[in-house]
Amino acid sequence: MSDEHREPPILPDKDAIGGNAQDELHAWLTWLKQLGALGGALSTLATAEIRLAAGDLHRLLLVSLLLLPMFIITWLGLSMLVSWLVFTQSTIAGAGLFTFFVMQAGATLYMWTLFKKYRRSLTLPMTRQYLDEIVEDMKK
């Protein structure tokens, strides 16, 4: 086709471009305002919930302090029951006392191994190992 038969290019209307940009800018500003309001509401909710949780933390500590003696008494009661059953079956007082001792010693050893395990994890062994590897790599 020759240049005479071509249609002239259609250029976008400058007023329409300005209107679209203003509409888009207005939409962004509205979205930012809504985002700010949402952030404010979320902050208020989080603050209120943290205050409630702090009150519950005090109650939880109180209940745990009350539960600790109950757990100890329950464990001693169970140990005494098993020891008494061993005594009644064997009619040897030493067997019952030995059973009580073995139960207490077993629980103590189990808690000691847990104590060592948790104490070791508090030293952050993987982080220390990684840090040591970084130092070694930097020395090279």
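One can find the structure itself at the top, above this paragraph.
Residues numbered from 1 in each chain as written. Predicted model: local features only at pLDDT ≥ 70, side-chain atom pairs only at ≥ 80, totals over all residues. Heavy atoms only, no water.

Student: Please clarify how the packing of aromatic side chains should be interpreted in this entry.
Tutor: How two aromatic rings sit relative to each other is set out by the distance from centre to centre and by the angle between their planes. According to the stated counting rule, one finds three aromatic pairs in the structure shown. For the pair Trp84 and Phe87, a centre-to-centre distance of 5.4 Å together with 50 degrees between the ring planes defines the contact as tilted. Of this pair, Trp84 and Phe87 both sit in helix 1 (residues 14-90), separated by three residues, roughly a single helical turn. A relative accessible area of 28% means that Phe87 is categorised as partly exposed. (Phe/Tyr/Trp six-rings, centres within 6.5 Å; stacked < 30°, edge-to-face > 60°. Helix = DSSP H or I, 4+ residues; strand = E, 2+ residues; numbered from the N terminus. Buried < 20%, exposed > 50% of the residue type's maximum accessible area, 1.4 Å probe, protein only.)

Student: Sorry if this is basic, but what is going on with unusual backbone geometry here?
Tutor: Leave glycine aside and you will find that most residues have negative phi; peptide bonds, for their part, are mostly trans. The backbone of Thr91 sits at a positive phi, close to 55 degrees, despite the residue not being glycine. Inspection of the secondary structure puts Thr91 in the loop between helix 1 and helix 2 (93-122). Residues other than glycine seldom take positive phi values, yet Leu124 does so here, at roughly 55 degrees. With respect to the secondary-structure elements, Leu124 resides in the loop between helix 2 and helix 3 (125-139).

Student: Got a minute to help me understand a negative patch on the surface in this structure?
Tutor: Taken together, the side chains of Asp132, Glu133, Glu136 and Asp137 present a region of like negative charge at the surface. Examined against the element boundaries, Asp137 turns out to sit in helix 3. Residue class for Asp137 comes out exposed when judged on its relative accessible area of 52%. (Patch = residues over 30% accessible without salt bridge, like charges linked within 9 Å, V, L, I, M, F, W, Y side chains within 5 Å. Areas by Shrake-Rupley, 256 points an atom, 1.4 Å probe, with all protein chains shown as cover. Salt bridge = Lys/Arg side-chain N within 4 Å of Asp/Glu carboxyl O. Lys, Arg positive; Asp, Glu negative; His and termini not counted. Charge placed at Lys NZ, Arg CZ, Asp CG, Glu CD.)

Student: Whenever I open this one, the environment of Phe100 confuses me. Can you help?
Tutor: In this fold, Phe100 is placed in helix 2. For Phe100 and Leu81, which are 19 residues apart along the polypeptide, the C-alpha to C-alpha distance reads 9.1 Å.

Student: Just checking my understanding: could you explain the side chain of Ser83 for this structure?
Tutor: As for its position among the elements, Ser83 is in helix 1. Apart from the residues within four sequence positions on either side, Ser83 is in contact with Gly96, Thr99 and Phe100. (Contact = heavy atoms within 4.5 Å.)

Student: What exactly am I supposed to notice about helix 2 here?
Tutor: Helical geometry note: an α-helix holds 3.6 residues per turn, so side chains three or four residues apart project in the same direction. Here helix 2 spans 44 Å end to end across 30 residues, near enough to the 44 Å set by a 1.5 Å rise per residue. The set of residues buried in helix 2 consists of Gly96, Thr99, Met103 and Ala107. Just beyond helix 2, the residue with positive phi is Leu124, at close to 55 degrees. (Expected span 1.5 Å × (residues − 1).)

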